[in-house]
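Descriptive analysis of the structure
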Amino acid sequence: MSSTTAETEGALETRGLEPVPDAERTGRTRELFPTWVAANISVLLLTMGAGLIVSNGLNFWQVLVVALVSPLLSYGMVGLISISGKRGGSPGMTLSRAVFGQRGNLFPGALIWVARWGWETINAVTGAYAIITVLDICFGVESSTWLTVVTLVAFVACTFLISGLGRKILHICSTWSTYAFGAFSVLVLIYLIAEADWSAVFDQPAGSTAMMVAGVGTIAAGGISWVPTGPDFTRYLPRNASNKPLVGHAVGGAAIVVVPMVLMGAVMAVSAPKLSTAQDPVSFLGSLLPTWIAVPYLIMALVGMLLINSMSMYSAGFTAMTLGIKVPRAWAVSVNAIISLIFGYILMNVATSFMGSFISFLTLLAVAFSAWIGVFGIDMLRRKTYDGEALMDTKRTSAYWYKAGFAWQAMTAWAIALLVGLLFTKVDWFSGPLATSWIGRHGLGWLATILVAAVLYAVLPKTPLVEKDAAGQGETELVSA
């Protein structure tokens, strides 16, 4: 079991999976706004915005619609699922034990943990590219294999340090980076307004509705990956905290970054279409902006990528502990750090298409997380409280043991939905048999996954909670979850 050491203000976070006592729930909902701003400070949004113009064939106004709808959908789900955090006081994947069972939760937990490897690898590589680009612009240091290794190690080491310190340090860093990155983004926006060929921007022909819908899925995939993480950042809120700010701050914090950055990427793509496919999109971005803007902007982007990865590793540490890795959370984070180094080196020095790999990963990521979202979301509508003792009891005596440790209703809905989502999915190296259908062409495999999981779980019999004696015998049904 995780440490139950009480956390003191300003100290290293020592709390693990156990529910936060009511006396320590001193968080405020407004703290969530900079958290979700920081979760989106990524220069890859510029590249993705460029891709909407070049690859999807959209015009400026269509890109605007995509940029507005994407955070509304994805971070709307982040905010809604975050409500479970204040109810249960535990990380998202710990609360998931109440839904899938103590053993059953290992399956979606393992998949989500592995998916985070890819997300953290992408972020680490982007951060390393940002360091290399700044070194090149300022000091003329050319990229090489050894330099990619050094910068990658430096980035991951900083990520490990920040994520290991815990929630309070993340909040402080997120708040200051929100102001700084916002200021430099305004500078870039002013530069683009002054320098862009706006007649060429607005003369872009309109693309198809299918490509617009697919674009929403691509941009929203990043937000969808944060949904299981949402409760990790709301578990310190009082139980009576209002639900509306949880959703509002998630959507608002994301949108204030996503919308302008995607639009800026779209504007840049008109004069520099190669931005959408560059193997090193960060250095390519450095060549589009004057040095006095590019350097500070890339430094702030680097800080943003550090925070994104730190937030991801912070939650990944909880997920690893949920899977039974019996070490303190800070050390559980080190597993993901090592994996990021290995995969990051491969992506920077072996892979031939960074953006191709990134978009393929985002597509599969959305499907993998969506199956969990559908099941957990329906369960959250039914369940108002969580049994903290049962969440931490991983033996047969737990009320969340169900049948042999599995809630078969949740497991069935999750597995079938995951399979259905993959049937409609197409990426560079995988194509499901239904990828050419209407759903597949519109890139809606992730949405189909959520709906199938939610409907199946809703219509299957409710999972009964049971009370057992110390030997795990004498089952007595208590309530239906």
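Residues numbered from 1 in each chain as written. Predicted model: local features only at pLDDT ≥ 70, side-chain atom pairs only at ≥ 80, totals over all residues. Heavy atoms only, no water.

**Considering the packing of aromatic side chains**
Counted by the stated rule, this structure contains 16 aromatic pairs. Here Phe-60 and Trp-198 contribute two aromatic rings whose centre-to-centre distance is 6.4 Å and whose plane-to-plane angle is 85°, an arrangement assigned as edge-to-face. Taken as a pair, Phe-60 in helix α3 (residues 60-88) and Trp-198 in helix α9 (residues 198-202) lie far apart in primary sequence, 138 residues in all. Note on Trp-198: relative accessible area 25%, which makes it partly exposed. Taken together through their ring pairs, the aromatic side chains of Trp-36, Tyr-75, Trp-226, Phe-233, Tyr-314 and Phe-318 make up a single cluster. Just above the ring of Tyr-457 sits the side chain of Arg-382; from NZ or CZ to the centre is 5.0 Å. (Phe/Tyr/Trp six-rings, centres within 6.5 Å; stacked < 30°, edge-to-face > 60°. Helix = DSSP H or I, 4+ residues; strand = E, 2+ residues; numbered from the N terminus. Buried < 20%, exposed > 50% of the residue type's maximum accessible area, 1.4 Å probe, protein only. Lys NZ or Arg CZ within 6 Å of the ring centre and 35° of its normal.)

**A look at the packing of helix α12 (residues 281-288) against helix α13 (residues 291-322)**
Running from N to C, α12 and α13 point in directions that differ by 150°, and their axes come no closer than 8 Å. The orientation of α12 with respect to α13, classified from their angle, is roughly antiparallel. For the pair formed by α12 and α13, the contact residues are Val-282, Leu-285 and Gly-286 on the first element and Ala-294, Tyr-297 and Leu-298 on the second. (Axes fitted to C-alpha atoms, helices over the stretch in contact; angles between N-to-C directions. Parallel < 35°, antiparallel > 145°, perpendicular 65-115°, else oblique. Contact = heavy atoms within 4.5 Å.)

**Some details on the pattern of salt bridges**
Scanning all chains against the criterion turns up four salt bridges. Close ionic contact of Arg-383 with Asp-379 constitutes a salt bridge, the shortest N to O distance being 2.9 Å. With respect to class, Arg-383 is no different from Asp-379; both count as buried. A salt bridge links Asp-393 to Lys-395; its shortest N-O distance comes to 3.5 Å. By relative accessible area, Asp-393 is classed as buried at 14%. Salt bridges sharing common partners tie together Asp-22, Arg-25 and Arg-239. (Salt bridge = Lys/Arg side-chain N within 4 Å of Asp/Glu carboxyl O.)

**Considerations on the side chain of Arg-383**
Among the structural elements, Arg-383 can be located in the loop between α15 (354-382) and α16 (388-392). A polar contact is formed between the side chain of Arg-383 and the side chain of Asp-379, at a distance of 2.9 Å. (Polar contact = N/O pair within 3.5 Å; in protein donor to acceptor, adjacent residues only side chain to side chain.)

**Comments concerning helix α19 (residues 445-459)**
Structural remark: α-helix, 3.6 residues per turn; residues separated by three or four positions point the same way. With 15 residues, α19 ought to run about 21 Å at 1.5 Å a step, and its terminal C-alpha atoms sit 21 Å apart, in line with that. Along α19, the residues classified as buried are Gly-445, Trp-446, Ala-448, Thr-449, Ile-450, Ala-453, Ala-454 and Tyr-457. (Expected span 1.5 Å × (residues − 1).)

**Comments concerning a nonpolar patch on the surface**
A surface patch of nonpolar side chains, amounting to about 590 Å² of accessible area, comprises Val-149, Val-153, Ile-338, Ile-342, Phe-343, Tyr-345 and Ile-346. Contributions of two or more residues to the nonpolar patch are made by α7 (145-165) and α14 (329-349). Considering every element that reaches the nonpolar patch, the biggest residue donor is α14, with five residues. Along the chain, Val-149 falls in helix α7. Accessibility expressed as a relative area gives 33% for Val-149, which makes it partly exposed. (Patch = residues over 30% accessible without salt bridge, like charges linked within 9 Å, V, L, I, M, F, W, Y side chains within 5 Å. Areas by Shrake-Rupley, 256 points an atom, 1.4 Å probe, with all protein chains shown as cover.)

**Let's talk about the nonpolar core**
In terms of nonpolar packing, the biggest core is built from 136 residues, with Trp-36, Trp-226, Tyr-297, Trp-372 and Val-375 touching the most fellow members. No other element matches the 17 residues that α13 contributes to this core. In contact with Trp-36, other than residues within four places in its own chain, are Tyr-75, Val-78, Trp-226, Gly-230, Phe-233, His-249, Ala-250, Gly-253, Ala-254 and Met-311. (Core = buried A, V, L, I, M, F, W, Y, C linked by side-chain atoms within 4.5 Å.)

**Observations concerning the confidence of the model for the protein chain**
Taken over all residues, the pLDDT of the protein chain has a mean of 86, while the share at 70 or more is 90%. This stretch, residues 1-11, has a pLDDT under 50; its non-local contacts, to residues over four places away or in other chains, come to 24 contacts. Ignoring residues within four places in sequence, the model shows residues 474-480, a span with pLDDT below 50, making 21 contacts including any to other chains. (pLDDT = per-residue confidence, 0-100.)

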